[in-house]
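Spelled out, the chains give:
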Amino acid sequence: MKKRQKTRNRKSQVRIPFPTVLACFLVFVVVFGLSYLWLCARCEMLGQEIKQLETVQRDSRRQLNNEQDRWSSMLAPASLDRALKRHHLVMHLPNEQQVVRVRSGTIASVTALAYNK
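Treat the numbers as computed from the prediction; the structure is a model and nothing was measured.

(A) Molecular detail of the overall build of the protein. A tally of helices and strands in the protein yields three helices and zero strands. When the helices and strands of the protein are read in sequence order from the N terminus, they spell out α-α-α. Burial statistics for the protein: of 117 residues in total, 2% are counted as buried. Here the protein has roughly 12,700 Å² of accessible surface; of this, 61% comes from carbon and sulfur atoms.

Dropping the structure here:
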């Protein structure tokens, strides 16, 4: 016996055609939009970090200038005299006979003599 073939009802299986070009375009637009948003957020975060680091740098430079000013004022002759008086120290500049002048070539020989003793 012959088997009867089932006839398919093609009208009940109608599919709505969806163009693949349109689907690819929509996927591209979504991926491009998400990458654009991610890039904008990343740039904003880096901008804030740069501003914060610039603020730290500006504060550090200000503090460095203040410390350099304090150090230079402490090394001024008048400040040194005040510090000596405050600590009850009596110091004077050395006489010409008390000054020892050393040449650069003699430093090596002096250190060699010191280690040989």
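Picking up where we left off.
(B) Spotlight on the pattern of salt bridges. Considering all chains together, one arrives at three salt bridges under this definition. The salt bridge partner of aspartate 59 is arginine 62, with a shortest N-O separation of 3.3 Å. Linking aspartate 59 with arginine 62, this pair stays in helix H1 (residues 20-74), spanning three residues, or about one helical turn. For arginine 70, the salt bridge goes to glutamate 67, with nearest N and O atoms at 3.2 Å. A residue pair is termed a helical-turn pair when its members lie 3 or 4 positions apart in one helix, as arginine 70 and glutamate 67 do in helix H1 at three residues. Note on glutamate 67: relative accessible area 39%, which makes it partly exposed.

(C) Fine view of the side chain of serine 79. Inspection of the secondary structure puts serine 79 in helix H2 (residues 77-86). On the basis of relative accessibility, which here comes to 17%, the residue serine 79 falls in the buried class. One polar contact links the side chain of serine 79 to the main-chain carbonyl oxygen of serine 73, over a distance of 2.6 Å. Sequence-distant contacts of serine 79, defined by excluding residues within four places in its chain, comprise Ser73 and Met74.

(D) Structural context of the confidence of the model for the protein. Overall, the prediction assigns the protein a mean pLDDT of 85, with 75% of residues at 70 or greater. Mean pLDDT in the protein bottoms out at helix H3 (residues 104-116), which sits at 62, and peaks at H1, which reaches 96.

(E) A look at unusual backbone geometry. Not every positive phi belongs to a glycine, and histidine 88 is a case in point at roughly 55 degrees. Assignment of secondary structure puts histidine 88 in the loop between H2 and H3. Here histidine 88 falls in the exposed class, since its relative accessible area comes to 72%.

Rules used throughout
- Residues numbered from 1 in each chain as written.
- Predicted model: local features only at pLDDT ≥ 70, side-chain atom pairs only at ≥ 80, totals over all residues.
- Heavy atoms only, no water.
- Helix = DSSP H or I, 4+ residues; strand = E, 2+ residues; numbered from the N terminus.
- Buried < 20%, exposed > 50% of the residue type's maximum accessible area, 1.4 Å probe, protein only.
- Areas by Shrake-Rupley, 256 points an atom, 1.4 Å probe, with all protein chains shown as cover.
- Salt bridge = Lys/Arg side-chain N within 4 Å of Asp/Glu carboxyl O.
- Polar contact = N/O pair within 3.5 Å; in protein donor to acceptor, adjacent residues only side chain to side chain.
- Contact = heavy atoms within 4.5 Å.
- pLDDT = per-residue confidence, 0-100.

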